[in-house]
Amino acid sequence: MRIAVDAMGGDLGPRATVEGVAHALSLLPANSAVLHGPSHVLDAQLDALPKSLRFTRSRLQVSHADTVVHEADRPSQLLRMPEETSLHRCLMSLARDEVSAAISGGSTGALMVLARRYIGMSAGLERPAISCAVPTEGGGRCYLLDLGANVDSSPEMLVQFAHMGAAMASVVDGVARPRVALLNVGVEPSKGAHRVRQAHVRLSAVPYRSFEYTGFVEGGGMFAGDVDVVVCDGDVGNAVLKSSEGLARMLGKRLQHRFEDGIWTRIVSFMARPALTRFHHELDPVRYNGASFLGLAKTVVKSHGSADARGFSFAVQRAFSEAEERLPQRLASRLLDV
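Attention here is on the structure that accompanies the text. (Residues numbered from 1 in each chain as written. Predicted model: local features only at pLDDT ≥ 70, side-chain atom pairs only at ≥ 80, totals over all residues. Heavy atoms only, no water.)

Some details on the overall build of the protein
Okay, step 1: Broken down by element type, the protein carries 12 helices and 11 strands.
Okay, step 2: Within the span of the protein, comprising 338 residues, buried residues form 49% of the whole.
Okay, step 3: When the accessible surface of the protein is split by element, carbon and sulfur atoms take 53% of a total near 15800 Å². (Helix = DSSP H or I, 4+ residues; strand = E, 2+ residues; numbered from the N terminus. Buried < 20%, exposed > 50% of the residue type's maximum accessible area, 1.4 Å probe, protein only. Areas by Shrake-Rupley, 256 points an atom, 1.4 Å probe, with all protein chains shown as cover.)

A word on unusual backbone geometry
Okay, step 1: Cis geometry is found at the peptide bond from Leu145 to Asp146, where omega equals 10°.
Okay, step 2: The residue Asp97 is not glycine, and still its phi comes out positive at about 65°.
Okay, step 3: Inspection of the secondary structure puts Asp97 in the loop between helix 4 (86-95) and strand 4 (101-104).
Okay, step 4: Despite not being glycine, Arg326 shows a phi value in the positive range, around 55°.
Okay, step 5: Within the secondary structure, Arg326 is located in the loop between helix 11 (309-324) and helix 12 (327-336).
Okay, step 6: Arg326 sits in the partly exposed class, given a relative accessible area of 48%.

Things to note about the pattern of salt bridges
Okay, step 1: For the coordinates displayed, the defined rule picks out 11 salt bridges.
Okay, step 2: Close ionic contact of Arg57 with Asp47 constitutes a salt bridge, the shortest N to O distance being 2.5 Å. With a gap of 10 residues between them, Arg57 in the loop between helix 2 (39-47) and strand 3 (60-64) and Asp47 in helix 2 connect regions that are remote in the sequence.
Okay, step 3: Relative accessible area serves as the criterion here: at 33%, Arg57 is assigned to the partly exposed category.
Okay, step 4: In this structure, Asp233 engages Arg195 in a salt bridge whose closest nitrogen and oxygen atoms are separated by 2.8 Å. Taken together, the positions of Asp233 in the loop between strand 9 (229-231) and helix 8 (234-259) and Arg195 in helix 7 (residues 194-205) put the pair 38 residues apart, joining distant regions of the chain.
Okay, step 5: For Asp233, a relative accessible area of 6% puts it in the buried group.
Okay, step 6: Judged by relative accessible area, which is 26%, Arg195 ranks as partly exposed.
Okay, step 7: By sharing partners, the salt bridges in this structure join Asp152, Arg195 and Asp233 into a single network. (Salt bridge = Lys/Arg side-chain N within 4 Å of Asp/Glu carboxyl O.)

Points about the packing of aromatic side chains
Okay, step 1: Under the definition given, this model contains 1 aromatic pair.
Okay, step 2: For the pair Tyr208 and Phe211, a centre-to-centre distance of 4.7 Å together with 15° between the ring planes defines the contact as stacked. Considered together, Tyr208 and Phe211 belong to a single accessibility category, that of buried residues. (Phe/Tyr/Trp six-rings, centres within 6.5 Å; stacked < 30°, edge-to-face > 60°.)

Some remarks on the nonpolar core
Okay, step 1: With 37 residues, the main nonpolar core has Leu87, Leu91, Met222, Val230, Phe293 and Val300 as its most contacted residues.
Okay, step 2: Secondary-structure elements contributing two or more residues to this core are helix 4, helix 5 (108-118), strand 5 (129-135), strand 6 (141-145), strand 7 (179-183) and strand 10 (291-294).
Okay, step 3: With 6 residues, helix 5 is the single largest residue contributor to this core.
Okay, step 4: Setting aside anything within four residues of it in sequence, one finds Val230 in contact with Cys142, Tyr143, Leu144, Leu145, Ala181, Leu183, Val217 and Met222.
Okay, step 5: Core analysis: the next-biggest nonpolar cluster, separate from the first, contains 31 residues, Tyr143, Ala167, Tyr213 and Val229 among them. (Core = buried A, V, L, I, M, F, W, Y, C linked by side-chain atoms within 4.5 Å. Contact = heavy atoms within 4.5 Å.)

Digging into a nonpolar patch on the surface
Okay, step 1: Together, Leu247, Met250 and Leu251 give the surface a local cluster of nonpolar side chains, amounting to about 250 Å² of exposed area.
Okay, step 2: Along the chain, the position of Met250 falls in helix 8. (Patch = residues over 30% accessible without salt bridge, like charges linked within 9 Å, V, L, I, M, F, W, Y side chains within 5 Å.)

Quick notes on the environment of Ala48
Okay, step 1: On the secondary structure map, Ala48 appears in the loop between helix 2 and strand 3.
Okay, step 2: Of the residues examined, Ala48 reaches a relative accessible area of 54% and is grouped as exposed.
Okay, step 3: When the C-alpha atoms of Ala48 and Arg15 are compared, they prove to be 9.1 Å apart, with 33 residues separating the residues in sequence.

Points about the side chain of Thr136
Okay, step 1: You can see Thr136 is positioned in the loop between strand 5 and strand 6.
Okay, step 2: When residues no more than four places from it in sequence are discounted, the contact partners of Thr136 are Arg141, Cys142, Met222, Phe223 and Gly225.

Remember that the coordinates give geometry; whether it matters functionally is a separate question.
So, in structure tokens, the structure goes:
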């Protein structure tokens, strides 16, 4: 299986993306990738790969792109730009079925606009939504969407996101009838923005065969394990996700510093090392990098713009996994059965 990579996207640029892709390929020996960007830049990064990853180079192809999409580029500009940027070419290769998935760490808005243009939506859906799973109590997970693709979602879009998230939980985790909630500032029907309350009215109007709508949930509720899907507007979801990731990092560092305070705490730390390692592994935000663009007809994954090589590697692995599982097609089939 082969995927396309916008190698110039993200805050760290090709330094992180190229090494991240190589690391992912080192774990997936049957797969390959096409790196889109200026060939002289990407060739230099391939030459600089660590010795432990150089064996993957035969499975890394460079596709030259003259320019790149910048964060300041407006969506209207993107649609008029020549199709010579790394992001354009990355998505065009997916549209032509030259690859099985596409991934970028660049501008979320740019990725959404161009993905809708070249890839298109599954039948009946208005806008794509970015979704990822967050860990919950008891070792489960909850799907949160939208995480930034749409910053002013209508009630109709929020209802569609509920169906998309429920389909994700059913297809990926095998949940027969996922529990779906709307993220809100309180659980009372009178609270929240008008569009959220309108979405609540529509979701409450009729029982759904494919999922159970449980009403409003507050921010901390998504981690309790009481719901499988939490739906919100894109700007809210993005803020919640990044805040929770920052909190997880802070708790990990605070815990490490506490165990290094003195000789006795260091002894306890040594004895508890297996549990601490497992704790860090389960809550490490880097492991959850890579968010799905639900609703698109093919697999497109968004990596955090700030991801380093290790983080980008996890996003690449997610792209391969979703393409291999034919996730967009299975989600579309599930939505048609609603």
